[in-house]
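Per-entry structural report
Letter by letter, the chains look like this.
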Amino acid sequence: MQAIEYLERSGLLNEYGDISSEIERARLALNQYLQTATGEVRWQFQVPELGEGGACSLFGQLAAEPYSLLPILGGQTPANQLALSKLSAVADYYQLQSGQDWFGIYQARYNTAAEPVLVKLAYYGAPSRAEFPLTSEFAKISNNSTVGLSGRARVINSVPAYLAAGGEYYTCDPKVQAEACLPLFDQSGKIAGIVDAEHFQQAIFTPAAMALLISVCLVVPDHLP
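Below or above, wherever it landed, is the structure these notes cover.

Sheet topology note: the strand E5 (residues 102-110)/strand E10 (residues 191-199) ladder contains six bridges and is antiparallel. For Gln-107, the partnering residue across the bridge sits in E10 and is Gly-193. Where E5 lies against strand E6 (residues 116-124), eight bridges are found, and the strand directions are antiparallel. Looking at the pairing, Gln-107 lines up with Val-119 of E6. As consecutive antiparallel partners, E5 and E6 are separated by five residues, and within that stretch Ala-114 has a phi angle of approximately 65°, a positive value.

Next comes the structure, spelled out in structure tokens:
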């Protein structure tokens with residue numbers, strides 16, 4: 001997918017204008033990095049306890065059992081190992097280049113209960129929820145699920161202002177002041193997942209910051225398991 005098409009499909013063109021040349025430069029740099037880079041593969045990771053009904057995460061309270069990717073990915077195959085290694089490298093690169101406080105890559109899949117979810121494959125930052133239900137009901141409180149269903153980006157440069165205006169927000173870490181949740185599209189144009197970036201300061205998602213994040217969105221689908 002070309003950068004200008006992504007801007008149009010995701011709804012970001014009106015907000016950020018035509019930053020396609022900046023996106024393509026950032027994509028070239030990331031692809032060059034990934035030619036040799038690999039990252040640490042984590043098949044399981046700690047997750048927060050979920051509140052009553054599973055609607056929210058209890059910040060600072062970790063579940064007794066870590067979340068394992070093995071069931072939802074179908075095992076520790078060489079293909080899965082390579083995919084997770086490259087996605088981890090993308091997260092490493094984004095952390096180095098962006099300075100964002102939290103970042104995650106999620107793929108749209110069916111879990112072991114045959115429910116449509118966004119599953120977190122690679123991330124950095126504080127422990128966070130591993131699966132987000134891809135349902136219209138959960139989308140009422142979750143930007144991740146909303147973007148995963150609609151394919152339209154959601155950028156919040158001030159979480160307090162967003163909440164004050166009546167916006168619904170899934171709070172995992174109360175320190176988060178800004179968030180950008182962007183869709184991933186596969187080669188056919190189908191929604192393949194999302195990326196989520198968060199920062200502890202407001203007004204962080206400038207056009208330059210968005211060009212970098214969108215370049216990640218254009219590269220990640222090539223490495224999904």
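Let's pick the thread back up.
Positionally, Gln-100 belongs in the loop between helix H5 (78-98) and E5. Setting aside its immediate chain neighbours within four residues, Gln-100 contacts Tyr-94, Tyr-124, Ala-197, Glu-198, His-199, Ile-204 and Phe-205.

Pairing in this open sheet of six strands is antiparallel, and the strands run E7-E6-E5-E10-E9-E8 from one edge to the other. What marks the edges here is a single partner per strand, and that holds for strand E7 (131-133) and strand E8 (154-156). Within the sheet, the average angular offset between the axes of one strand and its neighbour, ignoring direction, is 20°. Judged from the three bridges that link them, E6 and E7 form a sheet pairing that is antiparallel. When the sheet's bridge partners are listed, Val-119 is paired in E7 with Glu-131. The sheet contacts of H5 involve E5, E6 and E10, and relative to E6 the element is tilted by about 60°.

The next subject is a negative patch on the surface. Negative charge collects at one region of the surface, where Glu-5, Glu-8, Asp-18 and Glu-22 lie side by side. Note on placement: Glu-5 falls in helix H1 (residues 3-10). According to the relative accessible area criterion, Glu-5 is partly exposed, its value standing at 36%.

With that settled, the discussion passes to the packing of aromatic side chains. On inspection of all chains with the given rule, the structure shows nine aromatic pairs. Relative to Tyr-123, the ring of Phe-45 lies with its centre 5.6 Å away and its plane at 70°, an arrangement referred to as edge-to-face. With Phe-45 in strand E1 (residues 44-45) and Tyr-123 in strand E6, the pair connects residues that are 78 residues apart, well separated along the chain. In this structure Tyr-123 comes out as buried when scored by relative accessible area, which is 9%. Feature note: the residues Phe-45, Tyr-67, Trp-102 and Tyr-123 constitute an aromatic cluster, connected by ring pairs. Cation over ring: Lys-120 sits above Tyr-123, and NZ or CZ is 3.8 Å from the ring centre. One cation-aromatic arrangement involves Arg-129 over Phe-132; the distance from NZ or CZ to the ring centre is 5.5 Å.

Conventions used here
- For every chain, the first residue of the written sequence is number 1, and numbering continues from 1 along that sequence.
- Per-residue local features are limited, in this predicted model, to residues with pLDDT of at least 70; the limit for side-chain atom pairs, both in listing and counting, is 80 or more; totals at the level of whole chains, interfaces and linings are taken over all residues.
- As a convention, hydrogens and water are excluded, and side-chain values are obtained from all of the structure's heavy atoms.
- Two strands make a pair as long as DSSP finds a minimum of two bridges between them.
- Numbering of helices and strands runs from the N terminus; a helix is a DSSP stretch of H or I covering at least four residues, while a strand is a stretch of E covering at least two.
- We call two residues in contact whenever any of their non-hydrogen atoms come within 4.5 Å of each other.
- Every axis in this analysis is a line fitted to C-alpha atoms, fitted for helices over the stretch in contact. Angles between the N-to-C directions lie between 0 and 180 degrees.
- Here, patches come from residues exposed beyond 30% relative accessible area and free of salt bridges, joined within 9 Å for like charges and within 5 Å for nonpolar side chains (Val, Leu, Ile, Met, Phe, Trp, Tyr).
- Per-residue and other accessible areas were derived by the Shrake-Rupley procedure at a 1.4 Å probe size, with only the shown protein chains allowed to occlude residues.
- Within this document, salt bridges are pairs made up of a side-chain nitrogen of Lys or Arg and a carboxyl oxygen of Asp or Glu, the two lying within 4 Å of each other.
- In this tally, Asp and Glu contribute negative charge and Lys and Arg positive charge; neither His nor the terminal groups of the chain are included.
- By convention, the charge on Lys lies at NZ, on Arg at CZ, on Asp at CG and on Glu at CD.
- For each residue, the accessible area found with a 1.4 Å probe, counting protein chains only, is set against the maximum for its type, and the residue is called buried under 20%, exposed over 50%, and partly exposed in between.
- Stacked, edge-to-face and tilted labels apply to pairs of Phe, Tyr and Trp rings (six-membered ring for Trp) whose centres lie within 6.5 Å, assigned for plane angles under 30 degrees, over 60, and everything in between, in that order.
- Lysine NZ or arginine CZ positioned within 6 Å of the ring centre and within 35 degrees of the ring normal marks a charge as sitting over the ring.

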